[in-house]
Amino acid sequence: VDRLTEQLLTGSPGQLFLSTADRSGALTAVARMSVHPGWAGLQALWVGPEQRGRGLGRTVVHAAGLLARQRGMPSMYLQVEAEKEAAIGLYESEGFRPHHTYAYLRRD
């Protein structure tokens, strides 16, 4: 595992990974939930291309919300790339609203 991946996977004091699988056990959706006192964060939600549009993303978002509530976290945030319009539509339909944006720099 490279350093950046390791930092992402271990950068939260607490974290959970949520997933769904088909009947054969193949992964169909996955997300990372970071856990901080009073907050839960949902990052890196992925749904397999052939599984999109079937409600798996919504299922993972709901599961994350339930886990946050069970752990006494009254607030939840998520991160999504601005060009992911379908994901943004899902999150807005679940009551999330934009709070701030990121600017990424890259070398060309």
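First, a word on scope: everything that follows refers to the structure included in this document. Bear in mind the structure is a predicted one, so any value in this text is a computation, not a measurement.

1. Considering the nonpolar core
Part 1 of the argument: One finds Met-33, Leu-42, Val-61 and Tyr-91 to be the most contacted residues of the largest nonpolar core, which totals 18 residues.
Part 2 of the argument: For this core, the leading source of residues is helix α2 (residues 56–70), giving five residues.

2. Digging into the pairing of strand β1 (residues 14–21)
Part 1 of the argument: Where β1 and strand β2 (residues 27–36) come together, eight bridges link them in antiparallel fashion. Note that in β2 the partner of Gln-15 across the bridge is Ser-34.
Part 2 of the argument: Here β1 hands over to β2 after five residues, with Gly-25 in that stretch at a positive phi of 95 degrees.

3. As for the side chain of Arg-32
Part 1 of the argument: Within the fold, Arg-32 resides in strand β2.
Part 2 of the argument: Judged by its relative accessible area of 7%, Arg-32 is buried.
Part 3 of the argument: There is a polar contact of 2.9 Å between the side chain of Arg-32 and the side chain of Gln-15.

4. As for unusual backbone geometry
Part 1 of the argument: Phi is positive for Ala-44, which is not a glycine, with a value near 55 degrees.
Part 2 of the argument: Residue classification places Ala-44 among the exposed positions, given a relative accessible area of 58%.

5. Things to note about the packing of aromatic side chains
Part 1 of the argument: Applying the stated rule across the entire model yields two aromatic pairs.
Part 2 of the argument: Each ring, one from Tyr-91 and one from Phe-96, has its centre 6.3 Å from the other, and the planes form 75 degrees; the classification is edge-to-face. Accessibility assignment for this pair places Tyr-91 and Phe-96 in one class, buried.

6. As for the sheet that holds strand β4 (residues 75–78)
Sheets are built from strands paired through backbone hydrogen bonds, the pairs being either parallel or antiparallel.
Part 1 of the argument: With mixed pairing, four strands are arranged side by side in an open sheet as β1-β2-β3-β4. The open sheet terminates on both sides in strands that have one partner only, identified here as β1 and β4. Geometrically, the sheet is characterised by an average inter-axis angle of 25 degrees between neighbouring strands, direction not taken into account.
Part 2 of the argument: Direction of pairing for β2 relative to strand β3 (residues 39–47): antiparallel, over a ladder of seven bridges. Within β3, the position partnered with His-36 by the bridge is Trp-39.

Conventions and cut-offs
Each chain carries its own residue numbering, running from 1 in the written order of its sequence. Given that the model is predicted, a residue must reach a pLDDT of at least 70 before its local features are reported, and side-chain atom pairs must reach 80 or more before they are shown or counted; all residues, however, enter totals for whole chains, interfaces and linings. Processing note: side-chain calculations cover all non-hydrogen atoms of the structure and skip hydrogens and water entirely. Buried Ala, Val, Leu, Ile, Met, Phe, Trp, Tyr and Cys residues form a nonpolar core when they are joined through side-chain atoms within 4.5 Å. Type-normalised accessible area, obtained with a 1.4 Å probe on protein chains alone, sets the label of each residue: buried when under 20%, exposed when over 50%, and partly exposed for intermediate values. Only DSSP runs of H or I with at least four residues qualify as helices, and only runs of E with at least two residues qualify as strands; both kinds are numbered from the N terminus onward. Whether two strands pair comes down to DSSP finding at least two bridges between them. What qualifies as a polar contact is a pair of N or O atoms within 3.5 Å, subject to a donor-acceptor requirement within protein and to the restriction that residues adjacent in sequence count only when both atoms come from side chains. In this scheme Phe, Tyr and Trp rings, the latter by its six-membered ring, pair at centre separations within 6.5 Å, and the angle between planes marks the pair as stacked below 30 degrees, edge-to-face above 60, and tilted otherwise. Fitting a line to C-alpha atoms yields each axis, with helices limited to the stretch in contact; the angle taken between N-to-C directions then spans 0 to 180 degrees.

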